[in-house]
Amino acid sequence: MNFYVNHLTDCKVPIQTTGIPRHLDRLLEILLEEEKEENEPGPCLEYLLQHKLLDLLATLASAETPPGMRAVCLSFLRKLLGRSKYPLLHHTSIYGPVQRLVALCNGNPPSPMEAEEVQFLLTLCFLVCKYPHVTNIINDAPSIQRQNTSERRNSERVEVEKVTYIPTRRRNTFNPLFEPLDTQAVTLISPNLFNSENDRTRRSVDFNSSSSKNETTRGSSSQSNRSVSSREVENASQSSSPVIQIPICDNNSGVTAQSSDSRDYDNSQLAEDVTLMNEIDTHLRNLQDLRLDGEYGGAYEDSSCMDEDRSPLRPKPQQQSKCLLLDALLSYIYTADNTVRIRACEGIMVLASLEDSSFAQMIAHSDLAILIPNRLKSLFNAIPAHVDPAEIDGVDVTWGLDSPAWTKEKKFSGCRQVAAFFMWFDYCNQLIREAHPDVAETLAKSIRVNFLEKIVTPALSEHHVLLITALVTKCLKELTSLALCTEMSYWLVGHDRGPEIPNVWTSPVLHRLIDNCFTDSDDLTLETLKLFEEMIEKRNEHMLHCLVLVYLSTRGYYDNTAADSAIASWSDEEDEREREKKGSLDLSYEQNHSRTLAPSNIHRIVNCFLSLIPRYLQTDTDVNNYERYMADLERQYSTVLIDCSLMAWPLEAVTVDDSASSDSRPEADHCSVRFYMGPFITMLFEKVANIPRQKYEVNLQLTVVISRLALLPHPYLHEFLLNPLLPLAPGTKNLFICLQKVIKQLVHEVPKTPDHKQMLKETRERLLEGCSHDGDKENILFESVIVTEEFCKELAAIAYVKYHHSM
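Just so you know, these numbers come straight off a predicted model, no measurement behind them.

Okay, the overall build of the protein chain next. A tally of helices and strands in the protein chain yields 37 helices and zero strands. Excluding contacts between residues fewer than 6 apart, the proportion of contacts in the protein chain whose partners are at least 24 apart in sequence is 78%. Carbon together with sulfur atoms contributes 50% to the accessible area of the protein chain, which is approximately 36900 Å² in total.

Written out as structure tokens, the structure is:
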């Protein structure tokens, strides 16, 4: 108060040179010390609440007088609310100024006080999380309506300039801060303020007499300020915040204030301070037109409102949000200060994770679902096209402050842009995972529509599709949010769960990826196969269903007309079915495992795969060397079983027989529609058939994708991939038949090369050392022999591991 009264020359002096910060720190110490000594709010806190001191601070912060006052006020209020043991936010004299200060915090355009502003907002977020009953009050913005007309903005700017502008330094007898707007001749301060001590004594006597009259009402008033019932809070928040209106005082009238328990203060000094405080507050409010009414609600937006439409960093958001605190936090997601942005993201995550359903609906319909994907799009488009796709998988970042190696060091060309994109994608992933289900669903769907479908889908057909595929693969690999994984599966394989008709496109992204596997670019084929591997590794039921299971669940590949001897050679499960048909089923037998996954003739199945390669082409002398795959496959299959435990997959592969057709017209089965295995398995089998002519890296990745499929505990998929003895419908091929054709090609081509046995041995040693030749047809041929030999061992090991786990 002494600063604003005695500051006679210049109101632009920095606040650091004044005693204001020190005095506010002392006020905070007094309030916190009082809490330690009292079990209920004491006289100092009552005084703060009754006399609306925070309204005065909010007004001074709005006027930014002296410069830096806003940061000091934000710090004071943040510390008071954060350290107090009482839930103060629901008091009318608290949340009104808080709302005004929140409206001042706007990161667009940037301000030098971003760190203080975001720290203040983050404190409010944690308080809302701690006291959920104030959620609607602190975020209720109907009374803080922003005026977008140019006249209103210009008038506000002029009023503030009049508050903080001094036309001349010659008039140094009083501070022009307290001059009225229409005249420079009369001061707004009470004429008796600088009179003699006798006048001051007389005024203090008048104050004491008026305060004694109001003493009887002090108790009830302070009690009402100390606590507001949760029902009153809810009712207040549903309409609008009942902000107290403060009338403009008459210059010649006495100012009457309610007295609190402050026996340690001198009454005359207290009267002067209260009078002065109210006059300053009233004058500043009048000058800036910071009215606390329903039209404007007292929120002064400073220059941030005027510059909002001119921001080059983001498009103008739709005015649909009513969450004042969320809107303030969202304005900082484009800031150049990484620390400020991360703090704002923390606050957004706190608000999005609140359990209040009505508040979650408000968040879901806010600008959050627009701005988050927009930033993802901008960062994605900022990635240079010359980035090496091979470097993408090695990028390891999170959205917090623990990735300086990727943000400050140059690992490769375009590293920082790639790291910035994946840091924001990680934030989207974590935000959706932690958010309320309503918020998570809306945000995930917005990312699919506005980012994946509008930006990434067209890019899969452009010249830098290799880089785009690598980025999508990395995103899918890092994905942990169930809602976002579901939306990404819809984007990859479509919504429709029915089988596709051959040569009819119903999922454009899936067919684009499959077509990319048949281009002349081995690198694109390799990268696309890696994406398919991640799609299988996510264990998403919708993705697996649309890729393979919908085509196999009809068991159209199985030949129902096969002889009993052929059926009996497959498994006990088929034997039981045949005996059931003949009425010889033992009803006392209780099945406790899948006989499709654990057939009695497992050794025949294993030997079929191991004996597929002729002896003279085998480079590994140990015929049982497939056991070296067992330990790793045991761990993998255990994980797969856990991931797939909640999927409603059948236990056995059983054909639904049509008795009329099978008994009366058995030939009808041969006239049925030909089995279609789907575009994905069709592509895999075509690539398997082409193993002798493909690069080693492509063949190796191809076997990885098929192995991931074979590990899934689905009975139809299991027998289709891992049953060499299965009777197949006419015209149908399975994995074993494709491998047989590959072996025939190798048997025909390899012996044509002189000294082929020595070359096969050398090729195996070279591949075991991690080296491969990018070269001629001869090297590709020998490398394909090694790949096929090891692939057959791996398939045998998978069949045995699944048998062991199913027993």
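After that view of the structure, there is still more to cover.
Moving on: helix H5 (residues 69-83). Over its 15 residues, H5 extends 21 Å from the first C-alpha to the last, a length consistent with the 21 Å expected when each residue adds 1.5 Å. In terms of residue burial, H5 counts as a mostly covered element, since 11 of its 15 residues are buried. Buried within H5 are the following residues: Met69, Arg70, Ala71, Val72, Cys73, Leu74, Ser75, Phe76, Leu77, Leu80 and Leu81.

Moving on, we get to the confidence of the model for the protein chain. Per-residue confidence for the protein chain gives a mean pLDDT of 76; residues scoring 70 or more make up 69%. Here residues 142-149 is modelled with pLDDT under 50, and outside its nearest four sequence neighbours on either side it reaches 24 contacts, counting other chains as well. For residues 158-267, every residue scores under 50 in pLDDT, and the model assigns this stretch 146 contacts once sequence neighbours within four places are set aside.

Here threonine 528 is to be found in helix H25 (residues 522-537). Residue class for threonine 528 comes out buried when judged on its relative accessible area of 0%. Beyond its immediate sequence surroundings of up to four residues, threonine 528 is in contact with Thr469, Leu513, Asn516 and Cys517.

Note on placement: tryptophan 505 falls in the loop between helix H23 (482-493) and helix H24 (508-516). Taking the C-alpha atoms as reference points, tryptophan 505 and proline 679, separated by 174 residues in sequence, lie 9.9 Å from one another. Setting aside chain neighbours within four positions, we find tryptophan 505 in contact with His511, Arg512 and Asp515.

Here the focus is a negative patch on the surface. On the surface, a cluster of negative charge is made up of Asp755, Glu762, Glu765 and Glu769. Relative to the assigned elements, aspartate 755 resides in the loop between helix H35 (735-749) and helix H36 (756-768).

Once that is clear, we can look at the packing of helix H26 (residues 541-552) against helix H32 (residues 679-689). At a minimum axis distance of 7 Å, the contact between H26 and H32 shows a crossing angle of 95°. Regarding the angle of H26 to H32, the classification is roughly perpendicular. For the pair H26 and H32, the contacting residues are Leu547, Val548, Tyr551 and Leu552 in the first and Pro679, Phe680 and Ile681 in the second.

Calculation rules
Residues numbered from 1 in each chain as written. Predicted model: local features only at pLDDT ≥ 70, side-chain atom pairs only at ≥ 80, totals over all residues. Heavy atoms only, no water. Helix = DSSP H or I, 4+ residues; strand = E, 2+ residues; numbered from the N terminus. Contact = heavy atoms within 4.5 Å. Areas by Shrake-Rupley, 256 points an atom, 1.4 Å probe, with all protein chains shown as cover. Expected span 1.5 Å × (residues − 1). Buried < 20%, exposed > 50% of the residue type's maximum accessible area, 1.4 Å probe, protein only. pLDDT = per-residue confidence, 0-100. Patch = residues over 30% accessible without salt bridge, like charges linked within 9 Å, V, L, I, M, F, W, Y side chains within 5 Å. Salt bridge = Lys/Arg side-chain N within 4 Å of Asp/Glu carboxyl O. Lys, Arg positive; Asp, Glu negative; His and termini not counted. Charge placed at Lys NZ, Arg CZ, Asp CG, Glu CD. Axes fitted to C-alpha atoms, helices over the stretch in contact; angles between N-to-C directions. Parallel < 35°, antiparallel > 145°, perpendicular 65-115°, else oblique.

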